[in-house]
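# Summary of the model geometry
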Amino acid sequence: VMHYKEVKAILSPQNGLNIYRGCSYSCVFCDARSTCHRMDHEFEDIEVKAHAVDMLEYALKKKRTRSMIQIGSSSEPYIPLEEELHLVRRCLNQIERFDFGLVLHTHSMLALRDIDILDKINRKTKCIVIVRLSTYDDALAKKLESGTSLPSERFSLMQQLTERGITVIVNLAPILPFINDDMENIQGLLSYCVKAGVYGILTDKMCPVLREGNRERFYQQLYKNFPDIYDQYEAVYADEKTLKTKNYTEIMACIRETCEAHGIQYDKEELLRFTREYKNKTIGTQLSLFDMM
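These notes cover the structure that comes with them. For clarity, every value in this text was computed on a predicted model and none was experimentally measured. (Residues numbered from 1 in each chain as written. Predicted model: local features only at pLDDT ≥ 70, side-chain atom pairs only at ≥ 80, totals over all residues. Heavy atoms only, no water.)

So, about the sheet that holds strand 3 (residues 20-21). Strand order in the open sheet formed by three strands is 1-5-3, and the pairing between neighbours is mixed. Single-partner strands in this sheet number two, and they are strand 1 (2-5) and strand 3. Alignment of strand 1 against strand 5 (residues 46-49), held across four bridges, turns out to be parallel. Residue pairing in the sheet places Met2 in a bridge with Ile46 of strand 5. (Pairing = 2+ DSSP bridges. Helix = DSSP H or I, 4+ residues; strand = E, 2+ residues; numbered from the N terminus.)

The next thing to look at is empty space enclosed by the protein. Applying the stated rule across the entire model yields one cavity of 30 Å³ or more. Looking at the lining of the largest cavity, its residues break down into four nonpolar, no polar and two charged. (1 Å grid on protein atoms, 1.4 Å probe; cavity = no way out; pocket = protein on both sides within 12 Å on 5 of 7 lines; lining within 4 Å. Points joined across faces, edges and corners; volume = space filled by probe spheres on them. Nonpolar A, V, L, I, M, F, W, Y, C, P; charged D, E, K, R; others polar.)

Tyr20 and Ile95 are the most contacted members of the largest nonpolar core, which has 68 residues in total. The element best represented in this core is helix 7 (residues 183-196), accounting for seven residues. Not counting residues within four places of it along the chain, the set of residues in contact with Ile95 comprises Leu56, Leu60, Ile69, Ile71, Phe100, Gly101, Leu102 and Ile121. (Core = buried A, V, L, I, M, F, W, Y, C linked by side-chain atoms within 4.5 Å. Buried < 20%, exposed > 50% of the residue type's maximum accessible area, 1.4 Å probe, protein only. Contact = heavy atoms within 4.5 Å.)

Remark: helix 3 (residues 87-97) packs on helix 4 (residues 115-124), axes separated minimally by 9 Å, with the N-to-C direction vectors making an angle of 20 degrees. Here helix 3 is positioned roughly parallel relative to helix 4, judged by the angle of their axes. Crossing geometry of helix 3 relative to helix 4 is assigned as left-handed. Contacts between helix 3 and helix 4 involve Arg89, Leu92, Asn93, Ile95, Glu96 and Arg97 from the first element and Asp116, Ile117, Leu118, Lys120, Ile121 and Lys124 from the second. Of the residues contributing to the contact of helix 3 with helix 4, the split by class is five nonpolar, one polar and six charged. (Axes fitted to C-alpha atoms, helices over the stretch in contact; angles between N-to-C directions. Parallel < 35°, antiparallel > 145°, perpendicular 65-115°, else oblique. Left-handed = near helix turned anticlockwise from the far one by under 90°.)

This paragraph deals with the packing of aromatic side chains. Taken as a whole, this structure holds eleven aromatic pairs when the rule is applied. Look at Tyr219 and Tyr230: their rings are 6.1 Å apart centre to centre, the planes differ by 90 degrees, and that puts the pair in the edge-to-face class. Remark: Tyr230 occurs in helix 9 (residues 227-237) and Tyr219 occurs in helix 8 (residues 215-225); sequence separation between them is eleven residues. Exposure remark for Tyr219: the relative accessible area of 9% places this residue in the buried category. With a centroid separation of 5.5 Å and 40 degrees between ring planes, the pair formed by Tyr233 and Tyr237 is classed as tilted. Taken together, the positions of Tyr233 and Tyr237, both in helix 9 and four residues apart, correspond to about one turn of that helix. One exposure class covers both Tyr233 and Tyr237, and it is buried. Ring-pair connections join several aromatic residues into one group, and the members of that group are Phe29, Phe178, Phe218, Tyr219, Tyr223, Tyr230, Tyr233 and Tyr237. Sitting above the plane of the Phe274 ring, Lys126 keeps its charged end 3.8 Å from the centroid. (Phe/Tyr/Trp six-rings, centres within 6.5 Å; stacked < 30°, edge-to-face > 60°. Lys NZ or Arg CZ within 6 Å of the ring centre and 35° of its normal.)

Keep in mind that these numbers describe shape and distance, not what the molecule does.
Shown next, in the form of structure tokens:
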């Protein structure tokens, strides 16, 4: 189910581009469902921004300075609907055409369809793909993130991107207590990162925050998919807004140790700076915070 919506602007003040609002996947935890995001339609009724490609072309033409464009920071861009509409691909073509950089957030193998354009962007400017991972276990992923690309497939995506010299950052999220917070899972995830040769690992969204709008659904999904641990959540996290695992310190120590041993960046502020830094590879390096124009 989908509908088009007329919008006044296609880019956020921070150069964020989210063509779709809503999703057809059924992840146990989904912050995008929170009421603070002010979605005025059913989440499964996907809102598509009308004239997105033409509006992006116009917006990029007007900009005096080049910068990084972020796609998918609020909503997965490679939902099944994209296979039909090709709006992300067409927007990527505009970004490449006008020599802008790209930060692409995804957890979908469909991104491989556009690896030719990502490659072109990376040759001229800078292309960063941020891949979200929460488990290395395909069987567990089917319960946690129904319908999404499996972890083993995302690992393949990461490998194919880094083989082309495209920068990959892994977003480890969400790590849910009693479900995927065991050290075996963390070490499996880190193994994927090391083998794929990722540039960095983000952990700032590792601990899920239950907000109005997603809290009730999360517990419904928890009861449906993980009934054996539902009571543990009720006992330990009934009054908690943030689901912080009891072995958080151990997990962070393991991440730091692995990153330092393999030259992987894990400092949040440095990764944020890196994703905001625009680079024109044809004339040298240019630095730019998000263009506010």
